[in-house]
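Remarks on the overall topology
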Amino acid sequence: MFKYSKFIYYLKKFRYFFIQKEPYEFYMSKRERPSLEISVKVGCGLMCTYCPQGDYIKSYKSNYPDEFKVLTKEVFLDCMKNISTNVLIKWTGFTEPLYSKDFEFFCEYLYNNGYEQSISTTLKGTKNSVDWFVNHAYMFNLITLHLPDEEGLMKCKVDEEYISNFESLISNPGTPLDRVSFFLIGESFENNLERIISKYVEDRVVDKKMVIKAEVLNTRNSTVTLDSSGLDNIKFRSKVKKVKSENFYCAYRRLNQGVLLPNGEVSLCCQDYKLEYILGDLKTQNLDNLYKKIQDSDSERKHFTSGSFFPCSSCEHYRPLSNEYTGNFISAS
């Protein structure tokens, strides 16, 4: 990972000198393709031990006491008018996407209008949304199944219905198994799932490289600690000390990877569970312009490049330019 991280860093640095369309720090802080994560509601039904869901709920209700707490069709359509089709739509954000009763409507709109979409899901949600997803997985270019652990850190009941949905998804001819990953936070998958996944790998239904156990946990902008995570052996990325002579950037490349809230506002990134920086209202503003907000402001640009930008100053991914990438390296994800 370390060597690959440095390779990506220097490759992107090399490409910059042939492009030079924006300031270097911001070019290095963005991915090659912009995306937008979608949070379908306020409050996730799972309340996993390692997720600072309480911070998200408290901050949203405090900031927007009288606004939508569930993403509606009307808000969604208003926002989509301001998003170009080159933007990858990610069903993830701060909550489980399948808890939306309108999930089918949202996804079919995107699919029929030429947007690419990916999803990270626990396979828990409303019955209609889960059933629809199991039978329409072909609409997603990447699928991450964030599955329950044996320790019970994910508050997800693995019963006969859950196992049936899981097996139906994998056995469905339309499911793109080469684009499905099985993701775990914890020591091992829930016992029944562990047995099923092991059999899939043994029978070569699933490539073992697509079974991923988290080795490093994000602190979600310093809101998750070793004690609050419930994990004994997890590692956190360390923060770096501020270097006076060096400019800072986002090593997670999140400055064009915001999170849509149920009311149409866009949060800076998926680490900001306290909603401490809002880029703007996507119902009335273009997403491309929102992603340029910080660099287009003289004062905010200076704070960002100097290493004093809040709330990034609490994040382990906010680093001097000499540091390699710390996040996901897949350009399309």
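Before reading on, note that the structure itself is shown above.
Anyway, here's the lowdown on the structure attached to this text. (Residues numbered from 1 in each chain as written. Predicted model: local features only at pLDDT ≥ 70, side-chain atom pairs only at ≥ 80, totals over all residues. Heavy atoms only, no water.)

The next subject is the packing of aromatic side chains. Counted according to the given criterion, the structure contains 20 aromatic pairs. Between Phe103 and Phe140 the ring centres are 6.3 Å apart and the planes differ by 5°, which places this aromatic pair in the stacked class. Remark: Phe140 occurs in the loop between helix H6 (127–135) and strand E4 (142–146) and Phe103 occurs in helix H5 (residues 103–112); sequence separation between them is 37 residues. Accessibility classification places Phe103 together with Phe140 in one group, the buried group. An angle of 55° between the planes, with centres 5.3 Å apart, marks the rings of Tyr277 and Phe309 as tilted. With Tyr277 in the loop between strand E11 (265–267) and strand E12 (278–281) and Phe309 in the loop between helix H12 (298–306) and strand E13 (318–320), this pair connects stretches of sequence that are 32 residues apart. For Tyr277, a relative accessible area of 9% gives the class buried. A relative accessible area of 4% places Phe309 in the buried class. (Phe/Tyr/Trp six-rings, centres within 6.5 Å; stacked < 30°, edge-to-face > 60°. Helix = DSSP H or I, 4+ residues; strand = E, 2+ residues; numbered from the N terminus. Buried < 20%, exposed > 50% of the residue type's maximum accessible area, 1.4 Å probe, protein only.)

This part covers the sheet that holds strand E6 (residues 211–213). Read from one edge to the other, the open sheet built from nine strands follows the order E6-E5-E4-E3-E2-E1-E10-E11-E12, with strand pairing classed as mixed. Strands at the two margins of the open sheet, each flanked by one partner only, are E6 and E12. Across the sheet, the axes of successive neighbouring strands diverge by a mean angle of 25°, strand direction being ignored. Pairing between E4 and strand E5 (residues 180–184): four bridges, direction parallel. Its bridge partner being in E5, Thr144 is matched across the sheet by Ser181. (Pairing = 2+ DSSP bridges. Axes fitted to C-alpha atoms, helices over the stretch in contact; angles between N-to-C directions.)

This brings us to the packing of helix H4 (residues 73–80) against H5. Running from N to C, H4 and H5 cross one another at 20°; their axes reach a closest spacing of 11 Å. When the interaxial angle is binned, H4 and H5 end up roughly parallel. Crossing handedness for the pair H4 and H5: right-handed. Here H4 contributes Lys73, Phe76, Leu77 and Met80 to the contact with H5, which in turn contributes Phe105, Phe106, Tyr109 and Leu110. Grouping the amino acids of the contact of H4 with H5 by side-chain chemistry returns seven nonpolar, no polar and one charged. (Parallel < 35°, antiparallel > 145°, perpendicular 65-115°, else oblique. Left-handed = near helix turned anticlockwise from the far one by under 90°. Contact = heavy atoms within 4.5 Å. Nonpolar A, V, L, I, M, F, W, Y, C, P; charged D, E, K, R; others polar.)

We now examine the pairing of strand E2 (residues 88–91). Across the two faces of E2 the burial is the same, with Leu88 and Lys90 and Ile89 and Trp91 all buried. As paired strands, strand E1 (residues 35–38) and E2 are joined by four bridges and run parallel to one another. Bridge pairing links Leu36 to Ile89 in E2. Across three bridges, E2 lies against strand E3 (residues 117–121) in parallel orientation. Paired with Lys90 across the strands is Ser118, a residue of E3. Taken together, E2, H5 and E3 constitute a β-α-β crossover, and its handedness is right-handed. (Right-handed = clockwise from strand over helix to strand, strands pointing away.)

Turning to the packing of H6 against helix H7 (residues 160–171), a few remarks are in order. Packed helices, taken two at a time, are described by the angle between their axes plus the distance between the axes. The geometry of H6 relative to H7 is characterised by a closest axis approach of 9 Å and an angle of 25° between their N-to-C directions. Overall, the two elements H6 and H7 adopt an arrangement that is roughly parallel. The residues of H7 that touch H6, namely those facing Lys127, Val130, Asp131, Phe133 and Val134, are Glu161, Asn165, Ser168 and Leu169. The residue makeup of the contact of H6 with H7, split by class, is four nonpolar, two polar and three charged.

Turning our attention to the pattern of salt bridges. A full pass over the atoms with the stated rule returns eleven salt bridges. Notably, a salt bridge pairs Arg33 with Glu116, separated by 3.1 Å at the nearest N-O pair. Taken together, the residues Arg33 in the loop between helix H2 (24–28) and E1 and Glu116 in the loop between H5 and E3 connect sequence positions 83 residues apart. In this structure Glu116 comes out as partly exposed when scored by relative accessible area, which is 37%. The closest approach of N and O atoms between Asp281 and Lys283, which form a salt bridge, is 3.0 Å. Lys283 sits in the partly exposed class, given a relative accessible area of 28%. Residues joined by salt bridges that share partners form a network here, namely Lys12, Glu32 and Arg253. (Salt bridge = Lys/Arg side-chain N within 4 Å of Asp/Glu carboxyl O.)

Keep in mind that these numbers describe shape and distance, not what the molecule does.
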